[in-house]
Amino acid sequence: LRFFMFYYKMKQNYFKMGFVNSKATFFLNKLQNNKTKRNSTKWFATTNEPILNIKIQNRRRIFQILTAGSTLLTPFFSAQSKQNKTKKWEQIEIPVDTVLFDLDFVKDDPKHGWLVGSKGTFLETTDAGKTWIPRTFANLDPDEELTYRFENISFFQNDGWVIGKPAILLHTKDGGKSWLRVPVSPKLPGEPILITALGPDTAEMTTSAGAIYVTNNGGRNWKAQVKETIDSTLNRTISSGVSGASYFTGNIIGVIRDKNGKYLAISSRGNFFLTWQPGQDFWIPRARDTSRRIQSMGFIENDLEKGLWMSTRGGGLSFTGTKPDFESINNFDFSSSDIKTGGYGILDVNFRNKEELWAACGGGILYNSLDGGKSWKKEDEDKIVGSLYKIKFFDTKLGFVLGSNGVLLRYVE
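About the cut-offs
Residues numbered from 1 in each chain as written. Predicted model: local features only at pLDDT ≥ 70, side-chain atom pairs only at ≥ 80, totals over all residues. Heavy atoms only, no water. Helix = DSSP H or I, 4+ residues; strand = E, 2+ residues; numbered from the N terminus. Buried < 20%, exposed > 50% of the residue type's maximum accessible area, 1.4 Å probe, protein only. Areas by Shrake-Rupley, 256 points an atom, 1.4 Å probe, with all protein chains shown as cover. Pairing = 2+ DSSP bridges. Polar contact = N/O pair within 3.5 Å; in protein donor to acceptor, adjacent residues only side chain to side chain. Contact = heavy atoms within 4.5 Å. Axes fitted to C-alpha atoms, helices over the stretch in contact; angles between N-to-C directions.

(A) The overall build of the protein, seen in detail. A tally of helices and strands in the protein yields 4 helices and 34 strands. Put simply, the protein has 413 residues, and 50% of those count as buried. Counting every atom, the protein has about 20800 Å² of accessible surface; 49% of that belongs to carbon and sulfur.

Now the structure itself:
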């Protein structure tokens, strides 16, 4: 036997090993996989990277070593794999195991942020999210605070707002050093589900019934922006042909606002969605373009001018072109994206920049695209126990993924 060789694949790297001559000189080379090609059942490489070259005169001894190869070679291959793996997200240890819903940073102090969640979760960071400290509200009883689920937080400079369930609204003017509880009217149609800080003492709030209000005096007075609730709109336009509108339960989920104040909302059953922009008197219901129900929606790069994305049950994902017309009552054209999640629903999508975007799925899985959503790759991270609900990027270097069971991932460049 003059020559013997076999190949081993680890991740995307191919290794070849074998005997150089009859004296049983043993070698192990790493093939440059970007320069390899397959010809029948053999692999060839234009360049080899020498890794191991051992001269052993006893061929039987070599086969004994290879038989026990898991002990000899597995640590080596693992080390090679770790060297080639670039980790994009790190899991941050936080002192709670609750569901995390939202976070934001004080605009006057970019390293100072707040994280909110279920069971009264309210955490503060002063190092851009590397560590988090539990906080409580001075004007809430500790036992009472545990009953709240804080779902949304928003800052403009030092002016911040928090909303939660049961209906609660909190306001700060000093970056979170002190918080004031703002009364919520029992006559409010629906429950507050989204609030956006727009300036000192100024915010825009949306309810689960589709009501939109603006305050300019710290929450003492609110001015309605929409003349009727979604329920009233659908009763008036039920003959418009929007599939599923007759099954509307009166509530919406997944309300999203772009940076210019334009809104998307998904019906609680996911069978249609609605749009609204400043100046319109009511929401416009729109039919989905697929038989699958809507899972989630959003704006590309937080801007309607750049388009919309929609995820559907079972892991479907699609995008519109630029500048969808919110004035038109015509349906939007969505183009499917080639992402294979194995049936896991996509719960959120967010853009780090124009080309790089991330998708969060049930089962603790992340997918990454570097070409604007044309192709996707499953992020090779440690298994996350739980679901990932929300992705937020504050700039190209600072991003977070929020999930259940206290899961918080921080982007690492």
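(B) Main features of the sheet that holds strand 25 (residues 308-312). Strand order in the open sheet made by the 4 strands is 24-25-26-27, with antiparallel pairing throughout. Whereas interior strands pair on both sides, the edge strands pair on one side only; in this sheet they are strand 24 (294-299) and strand 27 (335-336). Note that strand 26 (residues 316-319) and strand 27 share 2 bridges and pair antiparallel. Its bridge partner being in strand 27, Phe-319 is matched across the sheet by Ser-335.

(C) Expanded view of the side chain of His-171. Within the secondary structure, His-171 is located in strand 14 (residues 168-172). The class of His-171 is buried, set by a relative accessible area of 3%. At a separation of 3.0 Å, a polar atom in the side chain of His-171 contacts the side chain of Asp-159. For His-171, the residues in contact, after removing those within four places along its chain, are Asp-159, Gly-160, Trp-161, Ser-178, Trp-179, Leu-180, Val-182, Asp-201 and Gly-218.

(D) Quick peek at the environment of Ser-185. For Ser-185, the location among the structural elements is in the loop between strand 15 (180-182) and strand 16 (192-199). Measuring from C-alpha to C-alpha, the distance between Ser-185 and Ala-167 comes to 9.3 Å, with 18 residues separating the pair along the chain.

(E) Structural context of the sheet that holds strand 32 (residues 388-395). As summarised here, the arrangement of the 4 strands in space is 7-34-33-32, forming an open sheet in which the pairing is antiparallel. Both outer strands of the open sheet, strand 7 (89-91) and strand 32, are each paired with one neighbouring strand and no more. The mean inter-strand angle of the sheet, taken between neighbouring strand axes irrespective of direction, is 20°. One ladder, built from 3 bridges, connects strand 7 with strand 34 (residues 408-411); its direction is antiparallel. Considered in strand 34, the bridge of Gln-91 is made with Leu-409.

(F) Structural detail: unusual backbone geometry. Of note, the amide linkage connecting Lys-165 to Pro-166 takes the cis form, showing an omega dihedral of -10°. Along the chain, Pro-166 falls in the loop between strand 13 (159-165) and strand 14. In this model, Gln-157 sits at a positive phi of 55°, which is unusual for a non-glycine residue. With respect to the helices, strands and loops of the structure, Gln-157 is situated in the loop between strand 12 (149-156) and strand 13. Taking the relative accessible area as the measure of exposure, Gln-157 reaches 37% and is therefore partly exposed.

(G) Region of the structure containing the environment of Pro-189. Structurally, the position occupied by Pro-189 is in the loop between strand 15 and strand 16. Sequence-wise, Pro-189 and Gly-210 are 21 residues apart; in three dimensions their C-alpha atoms are separated by 8.1 Å. Contacts of Pro-189, omitting those with residues within four sequence positions, involve Thr-207, Ala-209, Ala-211, Tyr-213 and Thr-229.

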